[in-house]
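Here is how the chains run, residue by residue.
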Amino acid sequence: MNEKSKIYVAGHNGMVGSAIVRLLQQKGFSNLILRTSKELDLRNQSAVDTFFSKEKPEFVFLAAAKVGGIQANNTYKADFLYDNLAIETNVIHAAYNHRVKKLLFLGSSCIYPKLAPQPLKEEYLLSGFLEPTNEPYAIAKIAGIKMCEAFRDQYNCNFISAMPTNLYGPNDNYDLQKSHVLPALMRKFHEAKVNSQPQVEIWGTGSPLREFLHVDDLAEACLFLMLNYNGKDFVNMGTGEDISIKDLALLVKDVVGYNGEIKFDPSKPDGTPRKLLSVEKMKTLGWTYRIKLKDGIINTYALFLEGIKKNQLRLSEQ
Ligand code: GFB
């Protein structure tokens, strides 16, 4: 892949896709093909095939997906399964049909069994039962990995897969019902501070452990793999460090400058108790993360404040 290569970033309006586009542009890759979901519905097989036949991308970052936090995953199970399977099937098959030179598929750390040993090594895939709150999403992402492997085995396609841990950063979704924990906490503490509320409610018990990777680091890792890795086995992308939801809440509270109380709501699901990725493989390949969690949260909160001023935040997702 070089600066003139024709590169399709699927999902460029999302947090991950937009970070990949920002990085590619910074690095001088100037021949990017982008389509919003209104312009190209990736769940529509013939539309996707026509697009690939017309545009003939050489490289594909498959960052398009239906994503959301624990509650969205648990509520819209059919959509998470169907939309993600349809997107992957259509894009991966079109990439094979139209001779894409290389494709990077992005999955998620929720593909691992709920009670797998920690840190989660790539080889633990399919060794046990999945976490029920995100089983449909995980099944779709596992199918995407297997599709890349199968097209490689049967047709020699250079399709690779990466499994990122929980992500955060610019362009996140701040819808309190559908978002992930970090943007939700940021918004809750911010609004509680502005409205002088005495208390902020946090879902679950606060005890689950999660690992957080800044999306700009993820974009670097994706480009690194696109330039340097051609293996069949998928690769984890994370920091190798985790934090309890309670400590994360205290950290975000501190960055936002909120002085009230935290109250846990155990009627809301905790989800998987822990999902810390083993990042040994990425390290051996030569990549490690850069942005420390506190710095990333400070930076993301500054962008959040700017977004509020400019009315550009995704506060309610369709
Ligand atoms: O980020 P999150 O929604 O997803 O939740 P998962 C992480 C933890 O934070 C859970 C707790 O234990 C939540 O109960 N939490 C506390 C909150 N307060 C809040 C809140 O206000 N909002 C949210 N959203 N959580 C998702 C999967 O799992 O992770 C997806 O469902 C995907 O499939 C994604 O893998 C990365 O980490 O539990």
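Residues numbered from 1 in each chain as written. Predicted model: local features only at pLDDT ≥ 70, side-chain atom pairs only at ≥ 80, totals over all residues. Heavy atoms only, no water.

Engineer: Summarise the overall build of the protein chain; cite the residues concerned and give the values.
Structural biologist: Helix and strand counts for the protein chain come out as 10 helices and 12 strands. Taking 20 Å as the expected radius of gyration for a compact globule of 318 residues, we find that the protein chain reaches 19 Å, a close match to that expectation. Per-residue burial over the protein chain gives 54% buried out of 318 residues. Of the accessible surface of the protein chain, which amounts to about 14500 Å², a share of 49% is contributed by carbon and sulfur atoms. Here the protein chain contributes 39 positive and 35 negative side-chain charges, whose respective centroids are spaced 3 Å apart. (Helix = DSSP H or I, 4+ residues; strand = E, 2+ residues; numbered from the N terminus. Rg over C-alpha atoms; globule rule 2.2 N^0.38 Å. Buried < 20%, exposed > 50% of the residue type's maximum accessible area, 1.4 Å probe, protein only. Areas by Shrake-Rupley, 256 points an atom, 1.4 Å probe, with all protein chains shown as cover. Lys, Arg positive; Asp, Glu negative; His and termini not counted. Charge placed at Lys NZ, Arg CZ, Asp CG, Glu CD.)

Engineer: Break down the nonpolar core for me, with residues and values.
Structural biologist: Among the nonpolar cores identified, the biggest contains 41 residues, and Tyr8, Leu42, Phe52, Val91 and Leu103 are the most heavily contacted of them. Residue assignment for this core shows that the elements contributing at least two residues are β1 (7–10), α2 (45–55), β3 (59–62), α4 (77–97), β4 (102–106), α5 (135–155) and β5 (159–164). Per element, the largest residue contribution to this core is seven residues, and it comes from α5. (Core = buried A, V, L, I, M, F, W, Y, C linked by side-chain atoms within 4.5 Å.)

Engineer: Go over the site of the ligand with me, naming the residues and quoting the values.
Structural biologist: Around the ligand sit 22 residues, and of these Ile70, Lys188, Arg210, Pro269 and Asp270 come closest. At 2.9 Å from an oxygen atom of the ligand is found a main-chain nitrogen or oxygen belonging to Val181. Taking Lys188, its side chain carries an N or O atom lying 2.7 Å from an oxygen atom of the ligand. The set of elements that each furnish at least two residues to the shell around the ligand consists of α3 (70–75), α6 (181–194) and β7 (199–203). For the shell around the ligand, a count of residues per class yields 10 nonpolar, eight polar and four charged. (Near = heavy atom within 4 Å. Polar contact = N/O pair within 3.5 Å; in protein donor to acceptor, adjacent residues only side chain to side chain. Nonpolar A, V, L, I, M, F, W, Y, C, P; charged D, E, K, R; others polar.)

Engineer: Account for the sheet that holds strand β10 (residues 235–237), with residues named and values stated.
Structural biologist: In sheet architecture, strand pairing relies on hydrogen bonds along the backbone and comes in two forms, parallel and antiparallel. Spatially, β2-β1-β3-β4-β5-β10 is the arrangement adopted by the six strands of the open sheet, whose pairing is parallel. Looking along the sheet, the strands with just one partner apiece sit at the ends: β2 (32–33) and β10. Taken together, the four bridges between β1 and β3 define a ladder with parallel strand orientation. In the sheet register, Ile7 faces β3, and the bridge partner there is Phe59. (Pairing = 2+ DSSP bridges.)

Engineer: Lay out the pattern of salt bridges with the relevant residues and their values.
Structural biologist: It is possible for side chains bearing opposite charge to pair when their charged atoms get close. Summed over the entire model, instances satisfying the criterion amount to 16 salt bridges. With a shortest N-O distance of 2.9 Å, Glu191 and Arg187 are connected by a salt bridge. With Glu191 and Arg187 both in helix α6 and four residues apart, the pair spans about one turn of that helix. With a relative accessible area of 28%, Glu191 lands in the partly exposed category. One salt-bridge network, in which partners are shared between bridges, spans Lys6, Arg35 and Glu55. (Salt bridge = Lys/Arg side-chain N within 4 Å of Asp/Glu carboxyl O.)

Engineer: I'd like a description of the layout of surface pockets, backed by residues and values.
Structural biologist: The computed volume of the second largest pocket comes to approximately 230 Å³. A breakdown of the residues in the lining of the second largest pocket according to their chemical character gives five nonpolar, five polar and four charged. (1 Å grid on protein atoms, 1.4 Å probe; cavity = no way out; pocket = protein on both sides within 12 Å on 5 of 7 lines; lining within 4 Å. Points joined across faces, edges and corners; volume = space filled by probe spheres on them.)

Engineer: Now, about the pairing of β1: what can you tell me, with residues and values included?
Structural biologist: Because side chains alternate across β1, one face comprises the buried residues Ile7 and Val9, and the other comprises Tyr8 and Ala10, equally buried. Looking at chain direction, β1 and β2 are connected through two bridges and run parallel. Looking across to β2, one finds that Tyr8 is bridged to Ile33. Crossover handedness for the path β1 to helix α1 (residues 15–26) to β2: right-handed. (Right-handed = clockwise from strand over helix to strand, strands pointing away.)

Engineer: Give a detailed account of the environment of Asn299, specifying residues and quantitative values.
Structural biologist: Locating Asn299 in the fold gives a position in helix α10 (residues 293–310). Between the C-alpha atom of Asn299 and that of Ser46, which follows or precedes it by 253 residues, the distance is 41 Å.

Engineer: Outline the packing of aromatic side chains, supporting the account with residue identities and numerical values.
Structural biologist: In the structure shown here, the tally under the stated rule is 12 aromatic pairs. Between Phe80 and Tyr137, the aromatic rings sit 5.9 Å apart at their centres with planes inclined by 75°, giving edge-to-face as the arrangement. Of the two residues, Phe80 is situated in helix α4 and Tyr137 in helix α5; the sequence distance between them amounts to 57 residues. On the basis of relative accessible area, Phe80 is assigned to the buried category, the value being 1%. For Tyr137, a relative accessible area of 9% puts it in the buried group. When the ring of Phe189 is compared with that of Tyr258, the centres are 5.6 Å apart and the planes differ by 35°; the resulting orientation is tilted. Of this pair, Phe189 sits in helix α6 while Tyr258 sits in the loop between α8 (245–256) and β12 (261–265), and the two are 69 residues apart along the sequence. (Phe/Tyr/Trp six-rings, centres within 6.5 Å; stacked < 30°, edge-to-face > 60°.)

Engineer: Can you lay out the environment of Glu3 for me, pointing to particular residues and giving the numbers?
Structural biologist: In this structure, Glu3 sits in the segment before β1. We classify Glu3 as partly exposed; its relative accessible area is 46%. As a C-alpha pair, Glu3 and Leu32 span 29 residues in sequence and 9.7 Å in three-dimensional space. Once residues within four sequence positions are removed from consideration, Glu3 is found in contact with Lys27, Gly28, Phe29, Ser30 and Asn31. (Contact = heavy atoms within 4.5 Å.)

Engineer: Could you give me a rundown of empty space enclosed by the protein, with the residues and numbers involved?
Structural biologist: Enumeration over the complete set of coordinates arrives at one cavity of 30 Å³ or more. Empty space within the largest cavity amounts to approximately 70 Å³. Lining the largest cavity are Ser109, Cys110, Tyr112, Pro113, Lys114, Leu120, Glu131, Asn134, Thr272, Arg274 and Lys275. Here the lining of the largest cavity is composed, by residue class, of four nonpolar, three polar and four charged.

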